[in-house]
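What follows is each chain in one-letter form.
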Amino acid sequence: MLPQLWDGNQEGTLITLAAFWQEHRTLLMGVLFLLAFLALWRLWKFSFYPLLHPAEPKELPSWIPILGYHGYSFFNNSHALLSTAIAYFGNNGEPFAVTAFGATFYVITHPRQTVEVYKNTESLSFEEFLVNLMKYFGLSKDTLESVFHTPLPRDKPGFPNPDGLALGYFVRSMHHEQLFPGRKLDLLEQVMKDWFDQHLHLTTLRKLCAPYSSSTNEHFIEVPLTKWCSELFTRAGEVAYFGDTLQHIEPNMATVFLQYDDLSWQVLYQYPTVFSRTMHAAIGRMQGVFLQYFEVPQSERCKDAWFTKAIENECHALGINRQDMARFMTTVYWVVSTNTRKAAFWLLYYILKNPSWIATIREETKPAFGDNSAINLDYIHNHCPRLEQCWFETLRLSSNSASARVVTQDTVIGHHLMRKGNKILISYRFLHFNSAVFGDRVELFLPERFEGRVNVLTRGASWRPFGGGKTMCPGHFIAKRETLMFVAMVLQRFDLETPPCQAQAILEPDLGKPVLGLADCKVGQELLLRLTPRKS
Ligand code: HEM
């Protein structure tokens, strides 16, 4: 029990204090020592050190040495933490440092410096991040050594490798071959179009969505919007990349993937297995399905994308075992669907909440739809500017990625010295919410801000939904094509409503979870969507 320190008698109080000090002397000395140590450490770290090292980015002060006290804020809402830091440093556009979980991140907010970061592939590494990811997925040391450090012959059979790159770097050229405009991209898009075309009918949806639709009859179906888009896009992406073989092995691969993907932020934080058992169980199931997939002879696996067998052949040639191939393919499945599913539900959500766009897009896309369900994809690509503006605005509002680079040698960015071993973060959200670039009311869905300004706004250094430099996302063409064709088809075929009880329901981006692209919506939020076939 603490003594009562002030009873109006000054002498008595002093005596009581002295007695308290005598009794708890060791404890109080310890506390005083700790406070003195923290004060000195803080003074040194955030006042004297910056004076002695003016070239290094200033660090957001904290009271916890080494670990930094920003870990919780990083988890909870990294965007809010970075906003606080930007305000603390007077919004001066200079890089600053934040320590969380013992790692120091230099945060870049100025568009010009983002370009410097993307250009520097000598001393800023994306590969270290990839290697850590692959290790986390269980790829063996030997496989990683061959993949990243064994140059493939320049004259090898298969896809040409004139620069003699190791597979870990060569795979980027293979993604480009599959995903950049050309025949292979068109074929991929065609498969997705056929899949949506077959499944976007009331009768088919009733069967497909039975496990989660909340209500259905012969006139309509009600589905949870984010779940519905996620399932449909994952299934379409699966068929486009792997044909129907995976479906035969595990008809619910998409559902297992979504269980994993909801928790995939744990991978980015490299959570220990003991704290992420559900995520590990889902990924284990997916890897198991891919093991069975590779047991099916190639000749029996049809209608897959060019990339899928091409990369498998490269892995075989390098002697990579089946387990590691299965682990790697799981990551391919991940990148194919994790962002497009979110792009689809965010775009539909914003349109639903701004219903005047429904009529606009219907009218604009109508000429792309012939009488016998034929769809003119070229028309959607090139003659639907309003739909395209909605796409850009959705990406702007829902991007929550941060490009991460590991500093492998001391490096100067924008006159600031970045120390070896630390990480660099480019937060896209800050770039996309800069009202000096994107105009007023940046927090609102206003696709018209892109009208007549698409080139200015989406080709500058402030536009980064797909990252930048060498590692810029190669999937951006297919992501756009797939999402826009889907939204156009849904609007042409169905009337959309949210049930009256859901009129006030909203979806908000979860800015706390790290992602490689678009934000998910906050846990527990969902919006019911009623789809009623339109009378033609
Ligand atoms: C709206 C949809 C998408 C968004 C917002 C998105 C975003 C991103 C981002 C931010 C990165 C990291 C770039 C960096 O840090 O420099 C990335 C990388 C990547 N994305 Fe996407 N992505 C999308 C769709 C896709 C699709 C559909 C595919 C494949 C079919 C794909 C394949 C990849 C690959 C292979 C990489 C790694 C690139 C490399 O290391 O060179 N993405 N994506």
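Residues numbered from 1 in each chain as written. Predicted model: local features only at pLDDT ≥ 70, side-chain atom pairs only at ≥ 80, totals over all residues. Heavy atoms only, no water.

1. A word on the site of the ligand
Reasoning step 1: With respect to spatial proximity, 24 residues lie near the ligand, and among them Arg 172, Asn 339, Ser 403, Thr 471 and Cys 473 are the closest.
Reasoning step 2: Take Arg 405: an N or O atom from its side chain is 3.4 Å from an oxygen atom of the ligand.
Reasoning step 3: A per-element tally of the shell around the ligand places helix H7 (residues 167-179) first, with 3 residues.
Reasoning step 4: Of the residues that constitute the shell around the ligand, the class distribution is 14 nonpolar, 8 polar and 2 charged. (Near = heavy atom within 4 Å. Polar contact = N/O pair within 3.5 Å; in protein donor to acceptor, adjacent residues only side chain to side chain. Helix = DSSP H or I, 4+ residues; strand = E, 2+ residues; numbered from the N terminus. Nonpolar A, V, L, I, M, F, W, Y, C, P; charged D, E, K, R; others polar.)

2. Re the environment of Asp 197
Reasoning step 1: You can see Asp 197 is positioned in helix H8 (residues 183-199).
Reasoning step 2: C-alpha of Asp 197 to C-alpha of Leu 395: the two residues are 198 residues apart in sequence and 25 Å apart in space.

3. Overview of the domain arrangement of the protein
Reasoning step 1: In terms of domains, the protein is made up of domain 1 (56-121 + 402-427) and domain 2 (140-401 + 433-533).
Reasoning step 2: Taken together, the contact between domain 1 and domain 2 spans 17 residues of the former and 17 residues of the latter.
Reasoning step 3: Each partner contributes to the roughly 1,200 Å² buried at the junction of domain 1 and domain 2, and carbon and sulfur atoms together form 56% of this total.
Reasoning step 4: Remark: the boundary between domain 1 and domain 2 carries 0 salt bridges.
Reasoning step 5: Linking domain 1 with domain 2 are 1 residue pair in polar contact (both at pLDDT 80 or more).
Reasoning step 6: Here the side of domain 1 that touches domain 2 gets 6 residues from one element, more than from any other, and that element is helix H3 (residues 71-88). (Domains from an automatic or database assignment. Contact = heavy atoms within 4.5 Å. Buried area = accessible area lost by both parts, 1.4 Å probe. Salt bridge = Lys/Arg side-chain N within 4 Å of Asp/Glu carboxyl O.)

4. Notes on helix H2 (residues 25-52)
Reasoning step 1: With 28 residues, H2 should cover 40 Å at 1.5 Å per step; its first-to-last C-alpha distance of 38 Å lies within 8% of that length.
Reasoning step 2: Along H2, the largest kink reaches about 35 degrees and is centred on Trp 44.
Reasoning step 3: Every buried residue of H2 is accounted for by Leu 38, Trp 41 and Phe 46.
Reasoning step 4: Close packing links the buried residues of H2 with strand S1 (58-59). (Expected span 1.5 Å × (residues − 1). Bend = angle between axes of the 7 residues up to and from the residue. Buried < 20%, exposed > 50% of the residue type's maximum accessible area, 1.4 Å probe, protein only.)

5. Some details on the pattern of salt bridges
Reasoning step 1: Enumeration according to the criterion identifies 27 salt bridges in this entry.
Reasoning step 2: The partner of Glu 250 in a salt bridge is Arg 285, and the shortest N-O contact between them spans 3.4 Å. With Glu 250 in the loop between helix H11 (245-249) and helix H12 (253-262) and Arg 285 in helix H14 (residues 277-295), the pair connects residues that are 35 residues apart, well separated along the chain.
Reasoning step 3: With its nearest N and O atoms 3.7 Å apart, the salt bridge here joins Asp 495 to Arg 534. You can see Asp 495 sitting in strand S11 (residues 494-497) and its partner Arg 534 sitting in the segment after strand S12 (528-533), a full 39 residues away along the chain.
Reasoning step 4: Linked through salt bridges whose partners overlap, the residues forming this network are Asp 261, Asp 262, Arg 341 and Asp 520.

6. Examining the side chain of Glu 59
Reasoning step 1: Within the secondary structure, Glu 59 is located in strand S1.
Reasoning step 2: Given the relative accessible area of 16%, Glu 59 is considered buried.
Reasoning step 3: A polar contact of 3.4 Å, which involves the side chain of Glu 59, links it to the side chain of Lys 45.
Reasoning step 4: In this structure the side chain of Glu 59 is engaged in a polar contact, spanning 2.5 Å, whose partner is the side chain of Thr 99.
Reasoning step 5: Discounting chain neighbours no more than four positions away, the residues touching Glu 59 are Lys 45, Phe 46, Phe 89, Ala 97 and Thr 99.

7. What about a nonpolar patch on the surface?
Reasoning step 1: On the surface, a cluster of nonpolar side chains totalling about 580 Å² of accessible area is made up of Trp 21, Leu 27, Met 29, Val 31, Leu 32 and Leu 35.
Reasoning step 2: Of all the elements, H2 adds the most residues to the nonpolar patch, at 5 residues.
Reasoning step 3: Since its relative accessible area comes to 45%, Met 29 is described here as partly exposed. (Patch = residues over 30% accessible without salt bridge, like charges linked within 9 Å, V, L, I, M, F, W, Y side chains within 5 Å. Areas by Shrake-Rupley, 256 points an atom, 1.4 Å probe, with all protein chains shown as cover.)

8. Thoughts on the pairing of strand S2 (residues 96-100)
Reasoning step 1: For S2, a buried count of 5 out of 5 residues is recorded, marking the element as mostly surrounded by other parts of the structure.
Reasoning step 2: Neither face of S2 is left uncovered, since the one carrying Phe 96, Val 98 and Ala 100 and the one carrying Ala 97 and Thr 99 both have all their residues buried.
Reasoning step 3: Bridge count for S1 against S2 is 2 bridges, and the pairing is parallel. Directly across from Lys 58, in S2, lies its bridge partner Phe 96.
Reasoning step 4: Two strands pair when backbone bridges link them, and S2 and strand S3 (residues 103-108) are joined in this way by 5 bridges, in the antiparallel orientation. Bridge pairing in S3 places Thr 99 opposite Thr 104. (Pairing = 2+ DSSP bridges.)

9. What to know about the packing of helix H10 (residues 225-242) against helix H24 (residues 476-493)
Reasoning step 1: Relative to each other, H10 and H24 sit at 125 degrees, their axes nearing to 12 Å. Here H24 runs oblique to H10, going by the angle between their axes. You can see that H10 and H24 cross each other, and the crossing is right-handed. Contacts between H10 and H24 involve Trp 228, Cys 229, Leu 232, Phe 233 and Ala 236 from the former and Glu 482, Thr 483, Phe 486 and Val 490 from the latter.
Reasoning step 2: Across the contact of H10 with H24, the residue classes break down as 7 nonpolar, 1 polar and 1 charged. (Axes fitted to C-alpha atoms, helices over the stretch in contact; angles between N-to-C directions. Parallel < 35°, antiparallel > 145°, perpendicular 65-115°, else oblique. Left-handed = near helix turned anticlockwise from the far one by under 90°.)

10. Details of the side chain of Arg 429
Reasoning step 1: In this structure, Arg 429 sits in helix H21 (residues 428-432).
Reasoning step 2: Glu 443 provides the closest opposite charge to the buried, salt-bridge-free Arg 429, at an N-O distance of 9.6 Å.
Reasoning step 3: Of note is the side chain of Arg 429, whose polar atom sits 3.1 Å from the backbone oxygen of Ser 399.
Reasoning step 4: Beyond its immediate stretch of four places on either side in the chain, Arg 429 contacts His 79, Leu 397, Ser 398, Ser 399, Asn 400, Pro 509 and Leu 511. (Lys, Arg positive; Asp, Glu negative; His and termini not counted.)

11. Concerning the nonpolar core
Reasoning step 1: Of all hydrophobic cores here, the largest spans 125 residues; its most connected members are Phe 196, Leu 225, Trp 228, Tyr 260, Phe 486 and Leu 531.
Reasoning step 2: Excluding its chain neighbours within four sequence positions, the residues that come into contact with Trp 228 are Leu 200, Leu 205, Cys 209, Tyr 212, Val 223, Leu 348, Phe 486, Val 490, Leu 529 and Leu 531.
Reasoning step 3: Counting residues in hydrophobic clusters, the runner-up holds 13 residues, among them Ala 97, Val 117, Ile 413 and Leu 431. (Core = buried A, V, L, I, M, F, W, Y, C linked by side-chain atoms within 4.5 Å.)

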